[in-house]
Each structure stands twice: as C-alpha cells, then as structure tokens.
Amino acid sequence: MIKNPARYLVTSALPYANGPIHIGHLAGVYIPSDIYTRFLRSAGREVIHICGSDEHGVPITLKARNEGITPQEVVDRYHAINKKAFEDFGITFDIYSRTSSEIHYETASEFFRQLYDKDIFIEKSSNQYYDEEAACFLADRYITGTCPHCGNENAYGDQCEKCGTSLNATDLINPRSVISGSKPVMKETRHWFLPLDKYEGWLRQWILEDHTEWKSNVYGQCKSWLDAGLQPRAVSRDLDWGVPVPVEGAEGKVLYVWFDAPIGYISATRELTPEWEKYWKDPETKMVHFIGKDNIVFHCIIFPTMLRAEGSYILPDNVPANEFLNLENDKISTSRNWAVWLHEYLQNFPGQQDVLRYTLCANAPEAKDNDFTWKDFQARNNNELVAVLGNFVNRALVLTDKYFNGSVPARGATDEYDREVLSQISLLKEKVETALEGYRFREALKEAMNLARLGNKYLADTEPWKVIKNDPERVKTILNISLQITANLAIILDPFLPFSMERLREGINSNESRWSMAGSDSLLPEGHSINTPSLLFRKIEDDEIEREVKRLLQTKKDNEDNSSSASPAKENITFDDFSRLDIRTATITEAVKVPKTKKLLKLTLDTGIDHRTVVSGIAEYFEPEAIVGRQVALVINLAPREIKGIESQGMILMAEDKDGKLVFVQPSDRVTDGSEIR
RNA sequence: GGCGAGAUAGCUCAGAUGGUUAGAGCGCAUGAUUCAUAAUCAUGAGGUCCGGGGUUCAAUUCCCCGUCUCGCUACCA
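Residues numbered from 1 in each chain as written. Chains lettered and ligands numbered in written order. Predicted model: local features only at pLDDT ≥ 70, side-chain atom pairs only at ≥ 80, totals over all residues. Heavy atoms only, no water.

## Focus: the overall build of chain A
Phase 1 of the analysis: Counting its secondary structure elements, chain A contains 20 helices and 27 strands.
Phase 2 of the analysis: For the C-alpha atoms alone, the extent of chain A along its principal axes is close to 105 × 65 × 45 Å.
Phase 3 of the analysis: Burial status across chain A gives 51% buried among its 678 residues.
Phase 4 of the analysis: Considering only contacts within chain A whose residues lie at least 6 apart along the sequence, 73% involve residues at least 24 apart.
Phase 5 of the analysis: Looking at chain A as shown, the accessible area adds up to about 31,200 Å², and 47% of this sits on carbon and sulfur atoms.
Phase 6 of the analysis: Treating the 80 positive side-chain charges of chain A as one cloud and the 101 negative ones as another, the clouds have centres 3 Å apart. (Helix = DSSP H or I, 4+ residues; strand = E, 2+ residues; numbered from the N terminus. Buried < 20%, exposed > 50% of the residue type's maximum accessible area, 1.4 Å probe, protein only. Contact = heavy atoms within 4.5 Å. Areas by Shrake-Rupley, 256 points an atom, 1.4 Å probe, with all protein chains shown as cover. Lys, Arg positive; Asp, Glu negative; His and termini not counted. Charge placed at Lys NZ, Arg CZ, Asp CG, Glu CD.)

Right under this line is the structure:
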C-alpha cells in the first residue's frame, strides 16, 4: 500500500454501452468513487477520476442488428444517455470518454503492439466457422442452428435460449450464419493469447502476499482463481466491431473486448491530459479501481498482468469491489426492467439527487449483497436527512435569524461542555477521513451524520430558546457554536451530498469547502451574515412511495404476462417424422443423485419392456425419494448417451416454464407401463 | 459437486491480533421539550451472535462438519 502518494488515479468501471444506468451501478461503483474523489479534491490532493463507455463486443453488434442500426448508433445513444445521467447525479469524472474514440484505437493498438513486439503473446490456430458469403469468421453468437439438446431450431452458437444449455458452435446441428443465412464452413483462423499462466507466480506474490489488505471478497476471489490455475486467454477475435489487431495479416480481427476495455482507462487519461504518463507510470501515483464484483478477475488479475507484461505501467494499489444491490428483494435485471433507472428517478424526484446518493451510500453493498427498498428510501430521507440533518441546520439558522437578524453572533466565554462539543468536530472529521481512506463509505457517512446529531443534542442540552429570556449573551455563544457545526457540515458532508451542501453554503453565505478547514471552530466569523434559511430536504410522502412500488408491481405483472406468451411453434413435421418417436409410459423404480453434480438424477425406470437407466437434469426440483413410484412419459428410442460416466437410455418428458421450473408430464390415470403415447 | 463471499437485535449493518454486562442507526415503548419540516433530546424493551462438534481457563471471534443465501465453475439429451 502506498503511503503519502504524490497523486491519485481513480478509475470507475466503464459502463457497457448497451443500456442505461440504474441504481445498482450507482451504489456499487459510482457513488463510492465519486465520494472518494470529491474527498481527495477537497483535501487538496492531486487526483483525476477516469471513466467512459465500453463500446465494443458482441452484445452491442447483436443489439444493432436487432434494431436495424449500426453498432456505432447503439453506442452513441447509450453513451449520451449515460454521460448525462452521471452529470445529473453529480458524478464528477474528469473525463467521460469512450472506447470508440480515435485516441482509444491508437492507445489500444499501441499497447497490443508493445506486447506483440516483446513476444509476450502465444499464437495459436484453430478451426472456426466462416461465412463465405459475408466473407468473415462467425462469433458463436452469430451462428444459429438446432440445439442438440432440446431440438430448438434457433439456438445460438454459445447458448440455447430455450433450454439454457451453453453450447459450442460446433455442437449445433444444421448451423446457419445469422449474417447471410448461408451454411458456414470450417476454416482455420489464427489468434493471439495472453499467457496468464506464466504470470501466476508473480500474481500470487503481488496479491496474496503484498495486498493482504484488499477486501475479503476481492482477495478471496483472486485466491480462488489463482488456486484453480490460470490459462492463456485469447486477446483477439474474428469480428468487425472493435479495435483492429494491428498486425499484418490480421484483417477481420479485433481486440477482444476484455483486452480493449481496461485500456480505455489509459486512453481516456491521454485524452484528458498530455501529462497522462505521470499518472500511469510514476510509482508515486496511487491507482484505485472502483468496480462491481463481476469485474474482479479483470481488474485484479488480467489487467495487472497486461500492465506488468508491458512493463512501464504502475499497478492498482487497491480494487475496492462492491457486491450487488437488489431491488425490493429481487435481483436487478435490465431485461426484466426490474430496476430504478437514473433518468426515471429524476423525473419522479426532481432535484433530489442527494436523497438517492445518501440512501445508496448508507446502504451500499460493501460486504455483501444488499437490498434497496422504497420504504427504506423514504425512511432514510424522512428520519435522517430531514429529521437529523435538515432539521439541525434549519434550527441553527432560524434561531440566528430570529435572535440576531441573521448575523453570526460573537462567541463569548465557553464552558466545558462548549469546548467538548467543539473538540468533537475535529474528532468526527478525522473519523470520516479514516473511513474514507479505507474505502468504508457507509461508516464515513454515518460519522459525518453524527456531526448533525451532535448539533441537535447541543441545542437540546443548551436550550437557547429558553436562555434568550434572561441571558442573551449566552445565546450568542450557543448559536455561534451551532453555526460553526453547520459550516463544518457543509464541508464534511460535501463529498456525499454535493447538491445540498452547495445550497447550505449559499445559505450560510460561505464558499468554504476545503477539507483542511473542517474541524475548525471558527469557520464563520462574528458579524458574518447568513441568508434567510430555506429547507435542505423535504419529507417524502407515502403516496410518492406507493407510486414507485406500484410501478414495480406492474413491471412484475408485465413480466408474468410476457412469460406466459409461449414461444413460436416449430416447423411442421410429417406424420412419419412423428411416428418415429416412441414415447411410452414408465414408472420410476429407483432414483439417486449423481455424485458431484447439482442437477443430475440417475433414474431406473420400468418401461414394461425392460428396466433401464436414465440420467435426468431435474435434481434441483425433485427429491429422489419423492419421485419413486411416479409414472412418467419416456422417449424410449432416443439414442443412448453417456453422461457423467453413466449411459442414459432415453429421456423423460418434462414441461418447463419460463423460469425453468420443471414438472412431469404424466398420464392422468395410471396405465400399464409401456403404453404408447401418441 | 468444486471454489469464493456471507449468515449478529423487527430492519440495515459494526464487531483488529479470542477475555468482564455483544454495539450503532432506524423502528418500537416511556418520559422530557417546543427553536425546528409532528422534527429534537433522554431512558428502556428487544439478541440459544445459523445449527452441531472441537481447541482453550475463556469463542460471536480460531478449527472441523452441516444448513441457508449470493457469485464464479462443472453438469442438464
């Protein structure tokens, strides 16, 4: 861990430009990184905060294809939306760049070239599907065909969306190119690989020995990867959307998105400043990557290996990855529209960015997945922001307004309690600071709020509204101290609640937000005039929350309706095709779990003809004991297949709903085993 | 199945290197108060620290075995 770095380089995960940003992104990555950088800036440290859109990769090309537009149009759209969303929420990047920019192409090419020239990569050839009409290699996603498992004729080369099986393109029966519809042919293609395995020893030392201070989820995940052993990883693919591989004879190949994306941090820095190298190459720079847990392996293992292989770059000092945020007890999902989108939030709660910032920080998934509920959001706002913070500030200002015409009264003689309270200010400041430096943002926010609690308590204890009647001099001191607390809040809470604290500073007529000034007991001089107070936060009423909850319930309902819409019918077959299938009733006589699997049961069935063994992927839904004796429908003339070393002789018919839940298809009355089903 | 992370008051979470009555915020109850957005302040109730073993004079904290949740991974004819 670097002590007293000369400067900081803070990066926030590049959001993938195929969708808008939601509260999960904000809570996991951008709120913490923004608080961190705002704090560093306020503390006068040299810091830059880098982010941008990650715009390459297959999903974007598919989205473009589906919508009949170009990939560039897709990324232009989301780049604009997300850039604005970040600005609206006060996420202060020094630059929000994008990986489709010219400077990124240049940077990524150079980086690749450096490693290439140093002979870091392994070159390997393999056979892949090639579309002769379109004259290009086909990524797995660009091939459809019949799923060898479920017979779905529109399975993708990487996965069958019907049965959920992950596939290799070569598994597909009757493969077709998505681009031209033609039948692809196998053709040799060459790719470059980053030999991660060669860096294993170095990585073990660097992470497991030198960075034991990393968060347990991060450290554990890295250890898991390292213990499992690393494999060389392809850095190029056959695709036309991305950074071309800058090597002769590599036409039609681009850098794999995982290789190209983190370099986006570097190119964005280059775009920002000609002095980019001092941020990336001076060991006095402290680099910190803010990411979500899905990105740990890239930022802790792969990117550092790239940087190390190149040789002239520094490595991250820490990678404070957060866990995931759930929404109302359910996983956030873009495709299921189960999310609170940033632009929607601002429509419903205009001007209330800080409320969301506060809630998401106070409830950030730092150590484990966490749940966002609207009810909690309302409670945090009403019971904490309004009742504790807004209320204290308002009390201090209103009293000053009322008793001293809005002019900061002189602080006279202080008693022991006054001095105790004043000393608490700098104590709390230090606690906030320590927590922030350790990436403990929830704790930092809590301590910062304790300053407002201190203020409330101070007022309750000193009761200036009573004292004013017979000792106005004493009230001057009390309010002076209350106002010093207020002015300190405007600094200490600024990284967390920038919009509100800006307004608070307007209220107290101050523009002091330097962290070094926090802790001072004399931020506001005697006679300094403050403005007529306005409220910092407003209560959020039940009906506003109900509105949001209703919207989510509607989403849930819509999803159910959608899921009830059945998938389209397959192509017609002849009666002969059908009669080739031999489906019979059969009774399960034995059922045991296949060892070392999660889904597989080994079943023995009485088919009326014989007793046979079938392996079936239903263990997640059925206990072995519970299904013995059950009569089922069985395809008995399916070619046998070995699964986990067991020969499976047939297939039990199951109905599967959209969520993957399985139920048996069985005769409504018991019939003789071996009865034909047709 | 393997690996990683987590399981602590009604809710959301803290609990270095094991040590007297296990903490905080919110919620709840009671009292005080009225400057303040019915806000604040004080006090209190509430916990077999997931279960079971073990090490130890002593375990929420260490070890082993389970259970459940989340992620990665294998498997789903």
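## A word on the sheet that holds strand 16 (residues 330–331)
Phase 1 of the analysis: Spatially, 16-15-17 is the arrangement adopted by the three strands of the open sheet, whose pairing is mixed. Strand pairing shows two members of the sheet lacking a second neighbour, strand 16 and strand 17 (370–372), which therefore form its edges.
Phase 2 of the analysis: Inspection of the sheet shows strand 15 (residues 325–327) paired to strand 17 by three bridges, in the parallel sense. In the sheet register, Leu-327 faces strand 17, and the bridge partner there is Phe-372. (Pairing = 2+ DSSP bridges.)

## Focus on a negative patch on the surface
Phase 1 of the analysis: A cluster of like negative charges, contributed by Glu-541, Asp-542, Asp-543 and Glu-546, occupies part of the molecular surface.
Phase 2 of the analysis: Along the chain, Asp-542 turns up in helix 18 (residues 542–564).
Phase 3 of the analysis: The exposure class assigned to Asp-542 is partly exposed, which follows from its relative accessible area of 48%. (Patch = residues over 30% accessible without salt bridge, like charges linked within 9 Å, V, L, I, M, F, W, Y side chains within 5 Å. Salt bridge = Lys/Arg side-chain N within 4 Å of Asp/Glu carboxyl O.)

## Describing the sheet that holds strand 1 (residues 7–12)
Phase 1 of the analysis: Pairing within the open sheet is parallel, and its five strands lie in the order 3-2-1-13-14. Among the strands making up the open sheet, the edge pair consists of strand 3 (95–98) and strand 14 (316–318). Strand after strand, the sheet turns through a mean of 35° between neighbouring axes, direction not considered.
Phase 2 of the analysis: Taken together, the four bridges between strand 1 and strand 2 (residues 47–53) define a ladder with parallel strand orientation. Bridge pairing in strand 2 places Thr-11 opposite Ile-50. (Axes fitted to C-alpha atoms, helices over the stretch in contact; angles between N-to-C directions.)

## Describing the packing of helix 11 (residues 353–362) against helix 17 (residues 498–507)
Phase 1 of the analysis: Packing of helix 11 against helix 17 leaves a shortest axis separation of 7 Å and a crossing angle of 125°. By the angle between their axes, helix 11 is oblique relative to helix 17. Across the interface between the two elements, Gln-353, Asp-354 and Arg-357 of helix 11 pack against Pro-498, Phe-499 and Ser-500 of helix 17.
Phase 2 of the analysis: Here the contact of helix 11 with helix 17 is built from residues that sort into two nonpolar, two polar and two charged. (Parallel < 35°, antiparallel > 145°, perpendicular 65-115°, else oblique. Nonpolar A, V, L, I, M, F, W, Y, C, P; charged D, E, K, R; others polar.)

## Comments concerning the pattern of salt bridges
Phase 1 of the analysis: The tally for this structure, following the rule as stated, stands at 43 salt bridges.
Phase 2 of the analysis: Here Arg-41 makes a salt bridge to Asp-94, at a shortest N to O gap of 3.5 Å. Taken as a pair, Arg-41 in helix 1 (residues 23–42) and Asp-94 in the loop between helix 3 (71–88) and strand 3 lie far apart in primary sequence, 53 residues in all.
Phase 3 of the analysis: Given the relative accessible area of 31%, Arg-41 is considered partly exposed.
Phase 4 of the analysis: On the basis of relative accessibility, which here comes to 33%, the residue Asp-94 falls in the partly exposed class.
Phase 5 of the analysis: The closest approach of N and O atoms between Lys-457 and Asp-461, which form a salt bridge, is 3.2 Å.

## With respect to the nonpolar core
Phase 1 of the analysis: Counting 156 residues, the largest nonpolar core has Phe-259, Trp-280, Leu-389 and Phe-496 as the members making the most contacts within it.
Phase 2 of the analysis: Top element by residues in this core is helix 12 (residues 374–404). It accounts for 12 residues.
Phase 3 of the analysis: With 17 residues, the next largest nonpolar core counts Ile-588, Leu-603, Ile-618 and Ile-627 among its residues. (Core = buried A, V, L, I, M, F, W, Y, C linked by side-chain atoms within 4.5 Å.)

## Thoughts on the pairing of strand 9 (residues 185–194)
Phase 1 of the analysis: Inspection of the sheet shows strand 4 (residues 122–131) paired to strand 9 by nine bridges, in the antiparallel sense. Counted as the bridge partner of Ser-126 is Thr-189 from strand 9.
Phase 2 of the analysis: Across two bridges, the pairing between strand 9 and strand 10 (residues 233–234) is antiparallel. Looking across to strand 10, one finds that Leu-194 is bridged to Arg-233.

## Things to note about the domain arrangement of chain A
Phase 1 of the analysis: According to the domain assignment, chain A contains domain 1 (7–113 + 258–326), domain 2 (119–234), domain 3 (373–517) and domain 4 (575–664).
Phase 2 of the analysis: When each unit is reduced to the centre of its C-alpha atoms, the spacing between domain 1 and domain 3 is 36 Å.
Phase 3 of the analysis: Contacts between domain 1 and domain 3 engage 17 residues on the former and 14 residues on the latter.
Phase 4 of the analysis: Its largest share of buried area at the contact with domain 3, domain 1 owes to Ile-35, Phe-39 and Ser-42, together 47% of the area lost on that side.
Phase 5 of the analysis: Applying the counting rule to domain 1 against domain 3 returns one salt bridge.
Phase 6 of the analysis: With a closest N to O distance of 3.2 Å, Glu-437 and Arg-45 form a salt bridge.
Phase 7 of the analysis: In this structure, the connection of domain 1 to domain 3 is made through three residue pairs in polar contact (both at pLDDT 80 or more). (Domains from an automatic or database assignment. Buried area = accessible area lost by both parts, 1.4 Å probe. Polar contact = N/O pair within 3.5 Å; in protein donor to acceptor, adjacent residues only side chain to side chain.)

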